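Structure assessment
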Amino acid sequence: MEWFYIATLIMWLTIPLDYLVAPEAISTVLLGHGLFSTVALVIALRAWASFGSNVWQGLSTCLFVGAIMAAAILTGQAAGGAHFERFVVIGFFGMSTGVAFLPLTTLWTVLASLVLVLSFLAGQILNPLVDLASGLLFTCYCIAIGSAFVWYRWRSTGNQLRVALLRMKEAHNAGLLKESHDRLHFIAHTDALTGLCNREAVMEALALHLREAPADSVLSVAMIDIDDFKRLNDSLGHIAGDQALRSVGTLFLDFETSDNARCGRIGGEEFLILLPGIGAELAHARIATLMGRLHQMAIAHPQSTVSDRVTLSVGIVTTTLGTNNRCELEALVRTADIALYAAKKEGRNRIVSVALGPERMAA
């Protein structure tokens, strides 16, 4: 809409200049440059700001172009002589620039250009100093220039559209690629049955924590095993065994959220839980709470040697990280496994906790 303002402002500013050049034509100048252009401006602004329709915008543009050219022709007639051609030519080139760069559809750009050309031709015919042949020839020159403006605008719009479509396609492809990558990463690092991290993912998380955790920070690792899981499969079938694993997995997923832990299924009925920043007593208490929640779930296990429901044996190792971390991961997992074995040996459905110092982990 800025172009309508600028064109009308130029028309207003030329009123005193036209008065200096042709004072006898001031009434016609005020009528054309003042009234015609202002009314056309109001209509155009109304159409472009409120209606939001291509039809109204196109019609208002044609009206604006016709009004400005009519003002130029009337002023030229009143001023007479060489001023006639000057007013008409200036009006033509000013309007042709606007028609070329306004965001109109191709159809309305052509119609507005037609209004402009017919107005210019009328100015040539009404000018007493221009014969018909010269007027037609000059009109053809101006049509060629106006057509070049329109063609440039059409090509520019087409290029912008192609670039926009290309960028949308690239963004879409990039989004699909990222979605596929994320999906593959999820599949590669997730246990399909329980939804927990798989062995590779939880070991990577442990290794990353050992690399990045500050010295003297505390870490607890829990190795967990479902008691008598083979008896569960043998007595109730593998479907019931898988359902028990899914239920335990859901319990561990909730534990991850509530206790800022990292849980993973490392194989069969074995699980690993990382508790960063958690000391021995608190780790024991949280795992005991976890076992209590499992007890309340009452997952049937009629062939268990310790209970009528699914239970867990747990080995917890707690350490304060040192500066030499070369063997910490293997030492932690091995020690947690030893603690788990001790829990099973002592009767299952219990927790055995051990502490591991930095000097033993680096040994």
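Remember, it's a predicted structure, so these values are computed and weren't measured experimentally. (Residues numbered from 1 in each chain as written. Predicted model: local features only at pLDDT ≥ 70, side-chain atom pairs only at ≥ 80, totals over all residues. Heavy atoms only, no water.)

Notes on helix α8 (residues 229-236)
What α8 keeps buried is the set Phe 229, Leu 232 and Asn 233. Down the axis of α8, the sector holding all buried residues measures 95 degrees, keeping them to one side. Away from its buried face, by an angle of more than 90 degrees, α8 presents the exposed residues Lys 230 and Asp 234. The inward-facing, buried residues of α8 contact β1 (218-226) and α9 (238-259). After α8 finishes, the residue Gly 237 shows a positive phi value of roughly 100 degrees. (Buried < 20%, exposed > 50% of the residue type's maximum accessible area, 1.4 Å probe, protein only. Helix = DSSP H or I, 4+ residues; strand = E, 2+ residues; numbered from the N terminus. Arc of directions from axis to C-beta. Contact = heavy atoms within 4.5 Å.)

Observations regarding the packing of aromatic side chains
Per the stated rule, a full pass over the model turns up one aromatic pair. On the basis of an interplanar angle of 90 degrees and a centroid distance of 5.0 Å, the ring pair of Phe 252 and Phe 271 is categorised as edge-to-face. Note that Phe 252 is positioned in helix α9 and Phe 271 in strand β3 (residues 270-276), a separation of 19 residues in sequence. Accessibility classification places Phe 252 together with Phe 271 in one group, the buried group. (Phe/Tyr/Trp six-rings, centres within 6.5 Å; stacked < 30°, edge-to-face > 60°.)

Focus on the confidence of the model for the chain
Averaged over the chain, the pLDDT score is 81; the fraction of residues at 70 or greater is 84%. Mean pLDDT in the chain bottoms out at helix α12 (residues 358-361), which sits at 50, and peaks at β3, which reaches 96. Considering only residues more than four positions removed or in separate chains, one finds that residues 359-363, a stretch of pLDDT under 50, has eight contacts. (pLDDT = per-residue confidence, 0-100.)

Remarks on the state of the cysteines
Linking two cysteines covalently via their sulfur atoms produces the bond known as a disulfide. With the rule as written, the count across this model stands at zero disulfides. No disulfide involves Cys 263; its sulfur sits 8.2 Å from that of Cys 197, the nearest cysteine. For Cys 263, a relative accessible area of 0% gives the class buried. (Disulfide = S-S within 2.5 Å.)

A short note on helix α7 (residues 199-212)
Taking 1.5 Å of rise per residue, 14 residues should cover 20 Å, and α7 covers 20 Å from first to last C-alpha, within 8% of that figure. Looking at α7, one finds that the buried residues are Ala 201, Val 202, Met 203, Ala 205, Leu 206 and Leu 210. (Expected span 1.5 Å × (residues − 1).)

Points about the pairing of strand β4 (residues 312-320)
Taken across its nine residues, β4 has eight buried, putting it largely inside the fold. Strand direction decides the pairing type here: β1 and β4, joined by nine bridges, are antiparallel. Residue pairing across strands places Met 223 opposite Gly 315, the latter belonging to β4. Judged from the six bridges that link them, β4 and strand β5 (residues 351-356) form a sheet pairing that is parallel. Its bridge partner being in β5, Val 317 is matched across the sheet by Val 354. (Pairing = 2+ DSSP bridges.)

Concerning the nonpolar core
As a rule of thumb, soluble globular proteins bury nonpolar side chains together. Counting residues in hydrophobic clusters, the biggest one holds 29 residues, and the most contacted among them are Phe 252, Ile 273, Ile 287 and Val 314. The biggest single contributor to this core is α9, with six residues. Setting aside its immediate chain neighbours within four residues, Ile 287 contacts Ala 222, Phe 255, Ile 273, Leu 275, Val 314, Ile 316 and Ile 351. By size, the runner-up hydrophobic cluster in this structure holds 23 residues, among which are Ala 67, Met 69, Val 88 and Leu 116. (Core = buried A, V, L, I, M, F, W, Y, C linked by side-chain atoms within 4.5 Å.)

Considering the sheet that holds β4
Taken in spatial order, the five strands line up as β2-β3-β1-β4-β5 in an open sheet, and their pairing is mixed. Two strands in the sheet have a free side with no partner beyond their single neighbour: β2 (262-267) and β5. Shown here is a sheet whose adjacent strand axes are inclined to one another by a mean of 20 degrees, direction ignored. Across seven bridges, the pairing between β1 and β3 is antiparallel. In the strand pairing of β3, Leu 219 is matched with Pro 276. Across the face of the sheet, helix α10 (residues 280-297) comes into contact with β1, β3, β4 and β5 while running at roughly 160 degrees to β4. (Axes fitted to C-alpha atoms, helices over the stretch in contact; angles between N-to-C directions.)

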